[in-house]
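Spelled out, the chains give:
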Amino acid sequence: MNKKTVFSGVQPSGNLTIGNYLGAIKNFSRLQDEYNSIYSIVDMHSITVPQVPSELRKRTYEVLALYLATGLDPEKSTIFVQSHVSAHAELCWVLNSISYMGQLNRMTQYKDKSSKSEENLNAALFTYPVLMAADILLYQTDFVPVGEDQRQHLELARDLAIRFNSKYSDTFKVPDNLIQKETGKIYNLKNPELKMSKSDPDANSYILMLDDKDTIVRKVKRAVTDSLANFNYSKEQKGLQNLINIYSAFSGEDVKNIVNKYRNENYSVFKEDLGILIAEALKPIQNEYDKLMSDKGYLESIMKEGAEKARYLSYKTLRKVYKKVGFVQI
Ligand code: TYM
């Protein structure tokens, strides 16, 4: 009865990569037995950068289908679309009132995104992490499974919870992150200094969850490694280290075993095996995804059910917040 709560979200703004999968989504279904689990498709975050409306709508269904195909069970987890639950925007507004411009200005993701597109410097991009804090705090969340790139945003959510609690009295739980050590940051296949990202212009730098076998095998073959010809797991060989982490995550084998297995082989042998391993691990997910995508009615029924559950839970917190800040209750 006293289960702790887990919350996380994924944006429907592009095809999901194995970075999204290994850093976040793969862990969601693992957590749903032990925790009271809530997972959102955060479409309101996606409009902080330009979107084609019909594409955004389509990708919302796609992320839901991927959630289900990777094992999320609507009987065990609350699965919903963020824009269906207006409490998120409402709490975001209240949290804006205690957010410091200086702190938001220091968010690295904002700095990156704003330096890339000067002409699209909108206010929502700036307050993006406040909406994320609202997502998390509405559900009295204990743990947030995310990738390393969300660590700073999570810190902000914690700060806002603590600030609100001390200004108005105890209201929010202060959440902790659940960031995986080896897969919290999966790197770009072409430049292992960068994270793997669905928004990278070079499609060879990432593997999508929906890539077919030939594409995956080809991309892994072309992944940048090094010329040391020494199969080792070390920080000095970042490209190879990243591939070994991916191998380990998909196979469940530990790094030591993998290094022993391939110690006397060419990198190319390892890469060939890795490509096939990834493709085979993703195949059942892709098959299930195809089935789900052909039944929009079913997906919509899951969205409706999830929205109802999320509305109920989130309004409990929002009502308290409104009372504490001095809004009249009628
Ligand atoms: P998003 O949609 O960019 O990414 C979804 C999840 O994937 C993780 N991730 C990665 N993990 C490892 N290696 C990578 N290369 C990699 N790329 C992405 C992300 O860290 C994330 O966990 N702001 C969030 C969405 C969000 C959210 C929330 C998350 C909105 N509200 C509340 C948690 C709780 C985002 O843009 O994720």
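Residues numbered from 1 in each chain as written. Predicted model: local features only at pLDDT ≥ 70, side-chain atom pairs only at ≥ 80, totals over all residues. Heavy atoms only, no water.

1. Re the site of the ligand
In the vicinity of the ligand there are 26 residues, among which Gln 11, Tyr 128, Asp 135, Gly 147 and Asp 149 approach most closely. Take Gly 19: an N or O atom from its main chain is 3.2 Å from a nitrogen atom of the ligand. For the ligand, whose unbound accessible area comes to 710 Å², protein coverage reaches 97%. Listed by contribution, the elements that provide at least two residues to the shell around the ligand are β1 (5–10), α1 (18–31) and α7 (123–137). Taken together, the residues of the shell around the ligand sort by class into 11 nonpolar, 11 polar and 4 charged. (Near = heavy atom within 4 Å. Polar contact = N/O pair within 3.5 Å; in protein donor to acceptor, adjacent residues only side chain to side chain. Areas by Shrake-Rupley, 256 points an atom, 1.4 Å probe, with all protein chains shown as cover. Helix = DSSP H or I, 4+ residues; strand = E, 2+ residues; numbered from the N terminus. Nonpolar A, V, L, I, M, F, W, Y, C, P; charged D, E, K, R; others polar.)

2. A closer look at the pattern of salt bridges
Overall, the coordinates contain 13 salt bridges when judged by the stated rule. In this structure, Asp 142 and Lys 173 form a salt bridge, with 3.2 Å as the shortest nitrogen-oxygen distance. In this pair, Asp 142 is assigned in the loop between α7 and β4 (143–145) and Lys 173 in the loop between α8 (151–168) and β5 (176–178), connecting sequence segments 31 residues apart. The class of Asp 142 is buried, set by a relative accessible area of 9%. In this structure, Lys 219 and Asp 211 form a salt bridge, with 2.8 Å as the shortest nitrogen-oxygen distance. Through salt bridges with shared partners, a single network forms among Glu 55, Lys 58, Arg 59 and Glu 62. (Salt bridge = Lys/Arg side-chain N within 4 Å of Asp/Glu carboxyl O. Buried < 20%, exposed > 50% of the residue type's maximum accessible area, 1.4 Å probe, protein only.)

3. Section: the domain arrangement of the chain
Under the domain assignment, the chain is made up of domain 1 (5–179 + 295–325) and domain 2 (203–290). Computed from C-alpha atoms alone, the centre-to-centre distance between domain 1 and domain 2 is 30 Å. Facing 13 residues of domain 1, the contacting portion of domain 2 comprises 13 residues. For the domain 1 face of the interface with domain 2, the top three residues by lost area are Ile 18, Leu 66 and Ala 69, together amounting to 41%. Run the count over domain 1 and domain 2 and you get 3 residue pairs in polar contact (both at pLDDT 80 or more). Contributing elements (two or more residues each) for the side of domain 1 that touches domain 2: α1 and α3 (53–69). (Domains from an automatic or database assignment. Contact = heavy atoms within 4.5 Å. Buried area = accessible area lost by both parts, 1.4 Å probe.)

4. Some details on the nonpolar core
Within the largest apolar cluster, 59 residues are counted, with the highest numbers of intra-cluster contacts made by Tyr 67, Ile 246, Phe 270 and Ile 278. Shared between two domains, this core takes at least three residues from each, and those domains are domain 1 (5–179 + 295–325) and domain 2 (203–290). Not counting chain neighbours up to four residues away, the residues in contact with Ile 278 comprise Ile 18, Ile 207, Ile 216, Val 220, Ile 246 and Phe 250. Formed by 37 residues, the second largest nonpolar core is a distinct cluster that contains Phe 7, Tyr 110, Leu 125 and Ile 136. (Core = buried A, V, L, I, M, F, W, Y, C linked by side-chain atoms within 4.5 Å.)

5. Here we look at the packing of α1 against helix α10 (residues 238–251)
It is at 12 Å that the axes of α1 and α10 come closest, and there the two elements cross at 50°. Considering their axes alone, α1 and α10 lie oblique with respect to each other. Here α1 and α10 pass one another in a crossing that is left-handed. Two secondary-structure elements touch here, α1 through Ile 18, Tyr 21, Leu 22 and Lys 26 and α10 through Ile 246, Ala 249 and Phe 250. The residue inventory of the contact of α1 with α10, partitioned by class, reads 6 nonpolar, no polar and 1 charged. (Axes fitted to C-alpha atoms, helices over the stretch in contact; angles between N-to-C directions. Parallel < 35°, antiparallel > 145°, perpendicular 65-115°, else oblique. Left-handed = near helix turned anticlockwise from the far one by under 90°.)

6. Let's talk about unusual backbone geometry
Unlike most non-glycine residues, Gln 140 shows phi in positive territory, near 50°. Tracing the sequence through the fold places Gln 140 in the loop between α7 and β4. Its identity as a non-glycine residue notwithstanding, Ser 169 has a phi of 95°, on the positive side. Here Ser 169 lies in the loop between α8 and β5.

7. A word on the pairing of β1
Burial analysis of β1 places 5 of its 6 residues in the buried class, which makes it a mostly covered element. Pairing between β1 and strand β2 (residues 36–41): 6 bridges, direction parallel. Within β2, the residue paired with Phe 7 across the bridge is Ile 38. For the crossover that starts at β1, traverses α1 and ends in the parallel β2, the hand is right-handed. (Pairing = 2+ DSSP bridges. Right-handed = clockwise from strand over helix to strand, strands pointing away.)

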